[in-house]
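Here's the letter readout for the chains.
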Amino acid sequence: MALLIATPDRDAVELARHIRDQDPSIDLRIWPALGDASEIAFALAWKPPGKLFEQLPNLRAVSSLGAGVDALIDNPAIPHGVAIGRLAGPRLAANMAAYLVATVVAHWKRLPRFFEDQQKRRWRPWAPESPPAVGLLGTGKMGQRSAAAFAALEFPVHGYSRSGRGPEGVVMHSGEQGLAEIAGISDYLINLLPLTNTTRGILARSLFSNMKQGSTLINVGRGEHLVEEDLLEALEAGRPGFAVLDVFRQEPLAEDHPFWKHPRVFVTPHCASITLTVEAAELAVESYRRVLAGKPPLGAVDRERGY
Ligand code: NDP
Ligand code: OXD
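Counting restarts for each chain: residues are numbered from 1 in the order of the written sequence. Written order decides the labels, with chains lettered from A and ligands numbered from 1. Local features in this predicted model are restricted to residues of pLDDT 70 or higher, and side-chain atom pairs are both shown and tallied only at a pLDDT of 80 or more, whereas totals for entire chains, interfaces and linings draw on every residue. Values reported for side chains reflect all heavy atoms of the structure, with hydrogen atoms and water molecules removed beforehand.

(A) Main features of the sheet that holds strand β3 (residues 40-45). Each pair of strands is called paired provided DSSP finds at least two bridges between the two strands. Strands here are runs of E lasting at least two residues and helices are runs of H or I lasting at least four, both read from the DSSP assignment and numbered beginning at the N terminus. What the five strands build is an open sheet, ordered β2-β1-β3-β4-β5; its pairing is parallel. Each end of this open sheet is capped by a strand with a single partner; those strands are β2 (27-30) and β5 (83-86). Across the sheet, the axes of successive neighbouring strands diverge by a mean angle of 20 degrees, strand direction being ignored. One ladder, built from five bridges, connects strand β1 (residues 2-6) with β3; its direction is parallel. Residue pairing across strands places Ala2 opposite Ile40, the latter belonging to β3. Two residues form a contact once any of their heavy atoms are found within 4.5 Å. Structural elements are reduced to axes, namely lines fitted to C-alpha atoms, with helices fitted over the stretch in contact, and the angle between N-to-C directions of any two is expressed from 0 to 180 degrees. Running over the sheet, helix α10 (residues 277-292) touches β1, β3 and β4 (61-64) and is turned about 150 degrees from β3.

Structure representation (structure tokens):
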């Protein structure tokens with residue numbers, strides 16, 4: 001039995017080294033060197049090549065190298081009997097929380113203004129009066145960790161999930177009505193939903209029309225959650241008044257994309273939280289062992305539900 005790493009746009013060498021450190025007995029293959037492909041039982045994938053799975057007749061499970069499984073879930077070459085899992089460890093979630101706290105607090109405390117003042121040697125003390133309300137669309141692994149980080153700052157935290165379930169202390173919303181409610185309450189509305197057929201295009205005109213004047217939208221989910229033209233229009237009307245975008249329909253973002261130069265858009269290049277090699281190696285080995293023992297991989301997703 002063998003474990004394949006198929007991450008064409010990421011260097012797999014370090015990951016392979018850490019997996020070997022964890023368990024030197026693992027027969028490890030790195031795409032595109034499959035060897036005897038019939039021996040591959042488990043694949044660790046990130047943006048895998050389209051036809052890869054057609055070449056793996058004895059694959060038992062595939063795991064996303066990150067938290068999102070959207071690049072795998074609709075792949076018709078992954079047979080239904082092959083389980084799909086994901087690696088979403090505590091470090092990934094903590095790093096996501098750090099990114100969100102950093103962007104929210106920097107904006108709330110108007111840190112860029114002090115940077116400008118410093119250039120001009122201008123002394124203008126200012127601090128916000130009250131903590132902002134944070135709304136988290138998605139209260140899964142990433143959302144829960146982020147909710148805890150905002151709660152530690154004593155920010156009011158609201159959450160939105162399919163089931164209406166969420167962490168203790170978070171005011172939860174669900175359904176169409178709940179989406180409108182959380183949009184209307186939040187000073188910072190953060191998208192941490194998985195990309196599925198139900199969530200695609202959720203960040204659109206109808207949602208923006210419910211947002212508070214001058215509020216901020218943060219998208220760290222997936223680019224396809226956002227209807228870009230609707231956001232550009234909404235920013236003109238001030239609902240939202242600012243956007244922090246980490247994920248895009250096309251990555252890298254095209255050089256002539258209007259987001260780059262927009263005065264009320266802050267762009268980061270899909271790095272809100274990047275899977276760390278050591279954590280990924282530990283989780284990958286655990287997941288592989290589970291699959292060899294006949295169990296589902298770590299973070300097994302419901303293929304019908306899409307996450
Ligand atoms: P989880 O699967 O743990 O959580 C998903 C959450 O979304 C759950 O609360 C779920 O509700 C909710 N949800 C799903 N569908 C719907 C729906 N139709 N309506 C309302 N709520 C819904 O995911 P993670 O928290 O681990 O990750 C979320 C996403 O974050 C990833 O899929 C990925 O796209 C993105 N991500 C981005 C990164 C970056 O660097 N930009 C890094 C890591 C992740 P319920 O609880 O009821 O099931
Ligand atoms: C992930 C990501 O899903 O990096 O882990 O976006």
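Moving on from the coordinates now.
(B) Looking closely at unusual backbone geometry. Going from Arg239 to Pro240, the amide bond is cis rather than trans, its omega being 5 degrees. When you line up the elements, Pro240 lands in the loop between α8 (228-237) and β11 (242-245). A cis amide bond links Glu251 to the next residue, Pro252, at an omega of -5 degrees. Along the chain, Pro252 turns up in the loop between β11 and α9 (258-261). A positive phi angle, close to 50 degrees, is found at Arg121, a residue other than glycine. Relative to the helices and strands, Arg121 resides in the loop between α4 (111-119) and β6 (134-137). Using a relative accessible area of 80% as the deciding quantity, one classes Arg121 as exposed. Residue His270 is not a glycine yet carries a positive backbone phi of 45 degrees. Looking at the secondary structure, you find His270 in the loop between β12 (265-267) and α10. Residue burial is assigned from relative accessible area. The probe radius is 1.4 Å, only protein chains are included, and a residue is buried under 20% of its type maximum, exposed over 50%, and partly exposed in between.

(C) A look at the side chain of Thr275. Considering the arrangement of structural elements, one finds Thr275 in the loop between β12 and α10. On the basis of relative accessible area, Thr275 is assigned to the buried category, the value being 17%. Side-chain atoms alone can form a polar contact between residues adjacent in sequence; in general such a contact is a pair of N or O atoms within 3.5 Å, and within protein one must be able to donate a hydrogen while the other accepts it. Reaching out from Thr275, the side chain makes a polar contact with the backbone oxygen of Leu65 at a distance of 3.2 Å. Setting aside anything within four residues of it in sequence, one finds Thr275 in contact with Arg10, Leu65, Gly66, Leu92 and Ala280.

(D) Spotlight on the packing of helix α3 (residues 90-108) against helix α5 (residues 141-152). It is the contact of α3 with α5, at a shortest axis distance of 8 Å, that shows an interaxial angle of 50 degrees. Classified by the angle between their axes, α3 and α5 sit oblique to one another. Here α3 runs over α5; the crossing is right-handed. In this structure, α3 contributes Leu92, Ala93, Ala94, Met96, Ala97, Leu100, Val101 and Val104 to the contact, and α5 contributes Lys141, Met142, Arg145, Ser146, Ala149 and Phe150. Looking at the contact of α3 with α5 residue by residue, the class counts come to 11 nonpolar, one polar and two charged. Should an angle fall under 35 degrees it is taken as roughly parallel, and over 145 as roughly antiparallel, whereas 65 to 115 is taken as roughly perpendicular and any remaining angle as oblique. Left-handed is the label given to a crossing in which the near helix is rotated counterclockwise from the far helix by less than a right angle, and right-handed is the label when the rotation is clockwise. Each residue is assigned to one class: nonpolar for Ala, Val, Leu, Ile, Met, Phe, Trp, Tyr, Cys and Pro, charged for Asp, Glu, Lys and Arg, and polar for all the others, Gly among them.

Purely geometric numbers; function is a separate question.
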